[in-house]
Amino acid sequence: MKNSKEIKKIMLLGVLGALVACLQMIKIPLGTFSITLALIPIVIGSIIAGPKGGAFLGLIMAIVVLFVDASFFYALNPAGTIITVIVKSVVAGVVCAIVYKTVSKKNSTLGIISASLITPIVNTGIFILGCMTFFYPNIIEMSGGSNALTFTLVTFVGLNFFVELGINIVLIPTLIYIINVVAKNFNLNTIK
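Our subject in this report is the structure included herewith.

The rules behind these values
Residues numbered from 1 in each chain as written. Predicted model: local features only at pLDDT ≥ 70, side-chain atom pairs only at ≥ 80, totals over all residues. Heavy atoms only, no water. Helix = DSSP H or I, 4+ residues; strand = E, 2+ residues; numbered from the N terminus. Rg over C-alpha atoms; globule rule 2.2 N^0.38 Å. Buried < 20%, exposed > 50% of the residue type's maximum accessible area, 1.4 Å probe, protein only. Contact = heavy atoms within 4.5 Å. Areas by Shrake-Rupley, 256 points an atom, 1.4 Å probe, with all protein chains shown as cover. Expected span 1.5 Å × (residues − 1). Polar contact = N/O pair within 3.5 Å; in protein donor to acceptor, adjacent residues only side chain to side chain. 1 Å grid on protein atoms, 1.4 Å probe; cavity = no way out; pocket = protein on both sides within 12 Å on 5 of 7 lines; lining within 4 Å. Points joined across faces, edges and corners; volume = space filled by probe spheres on them.

**Some points on the overall build of the protein**
Scanning the protein from terminus to terminus reveals seven helices and two strands. Along its sequence from the N terminus, the protein presents helices and strands in the succession α-β-β-α-α-α-α-α-α. Against the globule reference of 16 Å for 192 residues, the protein gives a C-alpha radius of gyration of 17 Å, in line with a compact fold. Judged by the C-alpha coordinates and their principal axes, the protein covers about 60 × 30 × 30 Å. In the protein, buried positions account for 42% of the 192 residues. Across the protein, the fraction of contacts at a sequence separation of at least 24, relative to all contacts at a separation of at least 6, is 67%. Carbon and sulfur atoms provide 72% of the accessible area of the protein, an area that totals close to 10300 Å².

Following this line, the structure appears as structure tokens:
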């Protein structure tokens with residue numbers, strides 16, 4: 001029975017990993033950068049598979065970002081880019097799982113909403129820290145000497161963060177509700 005459960009988890013992570021990769025490659029331009037929908041399967045996978053699953057899905061997102069989206073930062077500081085992208089994505093998946101597990105002990109719905117909120121916050125927060133740590137001189141130069149943090153928030157984060165946050169808050173609880181309805185109708189395990 002345990003092997004069957006592990007096989008299902010591995011299969012689910014494989015499907016969600018492919019979804020993360022595909023969604024990360026879809027460009028939805030908004031402001032300086034495109035928004036990503038890849039956090040949605042990361043949150044769902046983190047909720048279902050825990051911190052290891054969240055870390056795995058975050059790593060898939062990081063790999064795609066490094067190969068597809070990070071050329072601007074990579075040209076400035078390759079090591080800083082790799083560290084920032086991997087840490088932000090993996091930690092976002094792990095923290096999501098921990099927050100869900102902790103909050104859902106009191107209330108499952110609140111756990112799902114909390115996980116949906118924390119993932120883009122951690123992902124963006126670590127991105128900002130990475131910018132300030134590895135790209136500070138470049139940001140000062142780009143900003144014309146103005147406040148580097150303000151420039152980073154306006155230029156690199158901007159509206160994208162709030163759109164991604166809104167999408168997560170609306171879509172993830174809705175998708176989990178749909179998954180649970182389908183799972184219940186086919187006598188599968190539901191997300192608690």
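**Details of helix α5 (residues 108–134)**
Between its first and last C-alpha, α5 extends 38 Å over 27 residues, near the 39 Å set by a 1.5 Å rise per residue. Capping the start of α5, N107 holds a side-chain oxygen 2.9 Å from the backbone nitrogen of T109, two or three residues further along.

**Focus: the layout of surface pockets**
One number sums up the size of the second largest pocket: a volume of about 540 Å³. Looking at the second largest pocket, it is lined by 25 residues, and the ones nearest its centre are F33, S34, V65, K88 and F127. Contributing elements (two or more residues each) for the lining of the second largest pocket: β2 (33–35), α2 (39–69), α4 (78–104), α5 and α7 (148–185). With five residues, α7 is the largest single contributor of residues to the lining of the second largest pocket.

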